[in-house]
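Results of the structural survey
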Amino acid sequence: MGDGLTHFEWLQAEKARIRSLLSKDASPAALARLPKPTVPKIEKLPPVVLATKAVSRPTTQRRFDASRGHLLNSLDGSLRRLGVDHVDLWQLHAWDPLTPIEETLAAVDHAVTSGKVRYVGVSNYAGWQTAHVATWQRAVPGRVVPVSTQVEYSLLQRGVEREVVPALRAHGMGMIAWSALGRGVLTGKYRSGIPADSRAGNPAFASFVQPYLTDAARRIADATATDMYASIDLLAD
């Protein structure tokens, strides 16, 4: 961990997602060679927020599973892989329409009361879903109220400002932005083409970046880069 890093996150579904991208070799032996998350022992950790997620199951028939059994098993697996006895922030990766929200949130309460989780958040929830969960948990003293949501938010994707952000303000929740650099487009790397070693140049990830490779996005990236370089010049003077 270098200076300035305060949020360390490992996705429970990441290994499965990587597995789906191994077009030539998805054998157990190949998976065993994949990078594993390494975190210093808990007593040596600097003041960081250690976070993880559950719910998403990208390579299974059921894409999202927020059932009590799956959530608690996923949490135990995350703690085992990370080598810690608790996480600071445990996030529900997506809304599961097949599981009663009462069951999901009861599992959340149990995870916190067991000491394995300090705080709980949601991720990729719509505004009404965020408000529904926060209202349900506040209805009974002792239930764990979510403290945050993690959603895509950048200069190229501001849709959450319509409903999610007002819901967060109403319920006193924070926001963690994913793809804050517009899936890499705001770095300026695509201003003159698609680098071969970029996500857009990789067949496995190209569809993730493609929606932002538009003329409008390029104009925003150009303006952002221009402002950044102007600020650097001022600092240099």
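In what follows, the structure referred to is the one given above.
Here goes a summary of the coordinates provided. (Residues numbered from 1 in each chain as written. Predicted model: local features only at pLDDT ≥ 70, side-chain atom pairs only at ≥ 80, totals over all residues. Heavy atoms only, no water.)

Broken down by element type, the chain carries eight helices and six strands. When the helices and strands of the chain are listed from N to C terminus, the series reads β-α-α-β-α-β-α-β-α-β-α-β-α-α. A total of 237 residues make up the chain; the buried ones form 39% of that total. For the chain, the proportion of contacts with a sequence separation of at least 24, taken over those separated by at least 6, is 74%. Within the structure as shown, the chain displays about 13,400 Å² of accessible surface, and the carbon and sulfur contribution to it stands at 56%. (Helix = DSSP H or I, 4+ residues; strand = E, 2+ residues; numbered from the N terminus. Buried < 20%, exposed > 50% of the residue type's maximum accessible area, 1.4 Å probe, protein only. Contact = heavy atoms within 4.5 Å. Areas by Shrake-Rupley, 256 points an atom, 1.4 Å probe, with all protein chains shown as cover.)

Before going further, it helps to spend a moment on the packing of aromatic side chains. Counted by the stated rule, this structure contains three aromatic pairs. Taking 5.4 Å as the distance between ring centres and 75° as the angle between the ring planes, the aromatic pair formed by Trp 95 and Tyr 125 counts as edge-to-face. Of this pair, Trp 95 sits in the loop between strand 3 (87-92) and helix 4 (101-113) while Tyr 125 sits in the loop between strand 4 (117-123) and helix 5 (127-138), and the two are 30 residues apart along the sequence. The structure contains a cluster of three or more aromatic residues connected by ring pairs, namely Trp 95, Tyr 125 and Trp 128. Of note, Arg 183 hangs over the ring of Phe 208, and the distance from its end group to the ring centre comes to 4.3 Å. A cation sits over an aromatic face here: Arg 199 above Phe 205, 5.9 Å from the ring centre. (Phe/Tyr/Trp six-rings, centres within 6.5 Å; stacked < 30°, edge-to-face > 60°. Lys NZ or Arg CZ within 6 Å of the ring centre and 35° of its normal.)

Contact pair helix 4 / helix 5: the axes reach a minimum separation of 11 Å and the direction vectors enclose 65°. The chirality of how helix 4 crosses helix 5 is right-handed. Contacts from Ile 101, Glu 102, Leu 105 and Asp 109 of helix 4 reach helix 5 at His 132, Val 133, Trp 136 and Gln 137. The class makeup of the residues in the contact of helix 4 with helix 5 is four nonpolar, two polar and two charged. (Axes fitted to C-alpha atoms, helices over the stretch in contact; angles between N-to-C directions. Left-handed = near helix turned anticlockwise from the far one by under 90°. Nonpolar A, V, L, I, M, F, W, Y, C, P; charged D, E, K, R; others polar.)

Now for the pairing of strand 2 (residues 49-54). Taking burial as the measure, the six residues of strand 2 include five buried ones, the bulk of the element. As paired elements, strand 2 and strand 3 share four bridges and run parallel to each other. When the bridges of strand 3 are listed, Ala 54 appears paired with Leu 92. Once you follow strand 2 into helix 3 (residues 68-82) and on to strand 3, the crossover reads as right-handed. (Pairing = 2+ DSSP bridges. Right-handed = clockwise from strand over helix to strand, strands pointing away.)

Let us now look at helix 4. The α-helix advances 3.6 residues per turn, and as a result positions three or four apart in sequence lie on the same side. Taking 1.5 Å per residue, 13 residues should reach 18 Å; helix 4 reaches 18 Å between its end C-alpha atoms and fits that length. Within helix 4, the full set of buried residues consists of Ile 101, Thr 104, Leu 105, Ala 107, Val 108, Asp 109 and Ala 111. Those residues of helix 4 hidden inside the fold are in contact with helix 3, strand 3, strand 4 and helix 5. Where helix 4 terminates, the next one or two residues include Gly 115, which has phi positive at roughly 90°. (Expected span 1.5 Å × (residues − 1).)

A separate point is the nonpolar core. Within soluble globular proteins, side chains that are nonpolar tend to cluster in buried spots. Within the largest apolar cluster, 32 residues are counted, with the highest numbers of intra-cluster contacts made by Leu 71, Leu 75, Val 87, Trp 90, Leu 92 and Val 117. Counting only elements with at least two residues in this core, the list comes to strand 2, helix 3, strand 3, helix 4, strand 4, helix 5 and helix 6 (164-171). Beyond its immediate stretch of four places on either side in the chain, Leu 92 contacts Ala 54, Val 55, Leu 71, Thr 104, Val 108, Gly 121, Val 122, Ser 123 and Tyr 125. With ten residues, the next largest nonpolar core counts Leu 156, Val 185, Ala 200 and Ala 217 among its residues. (Core = buried A, V, L, I, M, F, W, Y, C linked by side-chain atoms within 4.5 Å.)

Limitation: the analysis is restricted to geometry and does not speak to function.
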